[in-house]
Amino acid sequence: MKVDFKNFEEYQSKLGLVFHGTLAVPLLPFALLFLEIKNRGYQGMIEPGMTANVINYSIALISGLLVAQGFNLLKRKIYQVEELDTLKAKLQLYYNAAVPLYILVSVACLFLAAALWITTGGVVIVAFVIVLFVMSLNRPTPARYVKILKLNKEEKDIIINHKDQELT
């Protein structure tokens, strides 16, 4: 997928929008369900017990595996960065590698929200918080681009010092 951007600020804005959007979509139903459980005593569709526990732990495990797979995909795509010459191509590669990660995380969070709706289990809430914490540590920042893409001094200067330079 090709994203069009002229400078780093525009790139940062587009990638940040995808990152925050993919986290906000599942966060809304999850938060509404959580508030419904805490304030109105919603009990879920399945009574607490062995079936609910199996569902909770299974969905938490599946969600964890989806997030791990997303990071694996990112890592595999980033290896191609050494073959690229321009900063724009490197940033494009990062975008194309990061978006699938964000989508997989969003799907994992949607699974967790569905499990919360079905069982109201605490395990699901903890798993959701862990996923959000991991993603907060891996949000797209200029320092992250420099580190992951192993940029040279000139490219690093454009990213870190926000030099308003057209990317070619």
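All of the points below concern the structure found in this document.

Reading the values: the criteria
- Residues numbered from 1 in each chain as written.
- Predicted model: local features only at pLDDT ≥ 70, side-chain atom pairs only at ≥ 80, totals over all residues.
- Heavy atoms only, no water.
- Salt bridge = Lys/Arg side-chain N within 4 Å of Asp/Glu carboxyl O.
- Helix = DSSP H or I, 4+ residues; strand = E, 2+ residues; numbered from the N terminus.
- Buried < 20%, exposed > 50% of the residue type's maximum accessible area, 1.4 Å probe, protein only.
- Phe/Tyr/Trp six-rings, centres within 6.5 Å; stacked < 30°, edge-to-face > 60°.
- Lys NZ or Arg CZ within 6 Å of the ring centre and 35° of its normal.
- Polar contact = N/O pair within 3.5 Å; in protein donor to acceptor, adjacent residues only side chain to side chain.
- Contact = heavy atoms within 4.5 Å.
- Core = buried A, V, L, I, M, F, W, Y, C linked by side-chain atoms within 4.5 Å.

## Focus: the pattern of salt bridges
Link 1 in the chain: Scanning the entire structure with this criterion turns up two salt bridges.
Link 2 in the chain: Notably, a salt bridge pairs Lys-14 with Glu-10, separated by 3.5 Å at the nearest N-O pair. Taken together, the residues span about one helical turn, with Lys-14 and Glu-10 both in helix H1 (residues 8–40) at a distance of four residues.
Link 3 in the chain: Judged by relative accessible area, which is 29%, Lys-14 ranks as partly exposed.
Link 4 in the chain: On the basis of relative accessible area, Glu-10 is assigned to the partly exposed category, the value being 26%.
Link 5 in the chain: We note a salt bridge from Lys-90 to Glu-155, for which the minimum N-O separation is 3.1 Å.

## Regarding the packing of aromatic side chains
Link 1 in the chain: The final tally for this structure, using the stated rule, is eight aromatic pairs.
Link 2 in the chain: Between the aromatic rings of Phe-8 and Tyr-145, the centroid separation amounts to 5.6 Å while the plane-to-plane angle is 80 degrees, which identifies the pairing as edge-to-face. In this pair, Phe-8 is assigned in helix H1 and Tyr-145 in helix H5 (residues 142–149), connecting sequence segments 137 residues apart.
Link 3 in the chain: Exposure remark for Phe-8: the relative accessible area of 1% places this residue in the buried category.
Link 4 in the chain: Ring-pair connections join several aromatic residues into one group, and the members of that group are Phe-5, Phe-8, Tyr-11, Tyr-94, Tyr-95 and Tyr-145.
Link 5 in the chain: Just above the ring of Phe-5 sits the side chain of Lys-88; from NZ or CZ to the centre is 5.3 Å.

## Digging into the side chain of Thr-22
Link 1 in the chain: Structurally, Thr-22 can be placed in helix H1.
Link 2 in the chain: Its relative accessible area of 14% is what places Thr-22 among the buried residues.
Link 3 in the chain: In terms of polar contacts, Thr-22 uses its side chain to reach the backbone carbonyl oxygen of Phe-19, at 3.0 Å.
Link 4 in the chain: With residues near it in sequence (within four places) discarded, Thr-22 still touches Tyr-102, Ile-103 and Ser-106.

## Some thoughts on the nonpolar core
Link 1 in the chain: Of all hydrophobic cores here, the largest spans 45 residues; its most connected members are Tyr-11 and Tyr-94.
Link 2 in the chain: Counting residues per element, the ones that place at least two in this core are H1, helix H2 (50–78), helix H3 (87–119), helix H4 (122–137), H5 and helix H6 (153–160).
Link 3 in the chain: Here this core gets 18 residues from one element, more than from any other, and that element is H3.
Link 4 in the chain: Aside from chain neighbours lying at most four places away, what touches Tyr-11 is Phe-5, Leu-91, Tyr-94, Tyr-95 and Tyr-145.

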